[in-house]
Amino acid sequence: MTPRHAIVARRTVRAAVVLAMATLAGCASAPRVAPQRSPIAHWTPSPNYNARKAQIIVLHHTSIGKATEALRVLSTRNSEGQVSAHYLVESDGRIDQLVDDGDRAWHAGASRWGDMTDLNSSSIGIEIDNDGESPFTDAQIQALIRLLADLTSRLGIPRQAVVGHGDIAPGRKTDPSAQFPWATLARYGFGLWPDAVLVPAPPGFDSLAALRLVGYDVSTPRTAIAAFHRHYRAMETDTLDATDAAILYSLQRKLMAPRQ
Ligand SMILES: [Zn+2]
């Protein structure tokens, strides 16, 4: 096989794999195929372009609590609406991938985090098999941590950039539930987490501004505070107190610290 034929063969195999994944996901996005170039132009490639690149990871719980049913919903054009995620982590730790990392899955819906307003376009979505009330299993949290290590190193996503669906859609979504062990993820270096020993916020500290700096959409403060509480304090009340200010002061200092 000549080098040119080998390249064509590789492209054909790659296109077939992408097509198969798109079919599996029940996803309507067009499969990436061989380069599309005009026959009347000279191909003079520029390095200055981007493929779609994920910048953040969004965690969900399925609310179904039965992996086979979740897998069916996420991988078919079903009557419950067309939804998908890149990954499903089952209760025994099995990890299913449903959408290519380079493709846009449909898991976030209307959402906002910092300056990002179309999270489906900028994130990897991970569904965790859980009914929203039961604790998450050790096996699936360990599998999730392995998956986060893989994704952050392979795709260059910052380890801090791991959030919940409830964080990016306050007032609309509440997953993963308050049972989700964010502190465990933080011990492995994933997600933004405060110092173990909190110091009181200084007088005049603006908790709402800090909440916005973390990423929350504070246009409706009550729902943003409830989302923050679910994530950082495993409760869902909607007024800020001194402990919140101390947590937010710690998070703010981490975000504003010079990068190593
Ligand atoms: Zn969700």
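These notes cover the structure that comes with them.

**Concerning the coordination of the zinc ion**
The zinc ion binds to the protein through H60 (ND1), H165 (ND1) and D175 (OD); the donor distances cover 2.1 to 2.2 Å. Mapped onto the sequence, the donors of the zinc ion take the spacing H-x104-H-x9-D. Remark: H165 occurs in helix α5 (residues 165–168) and H60 occurs in strand β1 (residues 56–61); sequence separation between them is 105 residues. Taking the relative accessible area as the measure of exposure, H60 reaches 1% and is therefore buried.

**Thoughts on helix α7 (residues 207–214)**
Those residues of α7 lying buried are S207, A210, L211 and V214. Mapping the buried residues of α7 onto a view down its axis gives an arc of 105°, with all of them on the same face. If you check the start of α7, you find a side-chain oxygen 3.2 Å away from the backbone N of L208, and it comes from D206. Taken from the residues just after α7, G215 is the one with a positive phi, measuring 140°.

**Re the side chain of Q140**
On the secondary structure map, Q140 appears in helix α4 (residues 138–155). In terms of polar contacts, Q140 uses its side chain to reach the backbone carbonyl oxygen of E90, at 3.4 Å. Setting aside anything within four residues of it in sequence, one finds Q140 in contact with V89, E90, S91, G93, I128 and D129.

Analysis parameters
- Per-chain numbering applies: the sequence of each chain, read as written, is numbered from 1 onward.
- Reporting of local features is limited, given that this is a predicted model, to residues whose pLDDT is at least 70; pairs of side-chain atoms are given and counted only at 80 or more, and all residues count toward the totals for whole chains, interfaces and linings.
- Note: side-chain values were computed over all heavy atoms of the structure, leaving out hydrogens and water.
- The donor definition counts N, O and S atoms within 2.8 Å of each metal and applies 3.2 Å to Na, K and Ca; water is not among these atoms, so some sites may look incomplete.
- Helix numbers and strand numbers start at the N terminus; a helix is a DSSP run of H or I with at least 4 residues, a strand a run of E with at least 2.
- Any residue under 20% of the maximum accessible area for its type is buried, any over 50% is exposed, and the rest in between are partly exposed; the area is computed with a 1.4 Å probe on protein chains only.
- Read the arc as the range of directions from the helix axis to the C-beta atoms.
- Pairing of N or O atoms within 3.5 Å defines a polar contact, subject to two protein rules: one partner must be a possible hydrogen donor and the other a possible acceptor, and residues neighboring in sequence count only if both atoms are side-chain atoms.
- Here, residues are in contact when the closest pair of their heavy atoms is within 4.5 Å.

Distances and angles like these do not, on their own, reveal function.
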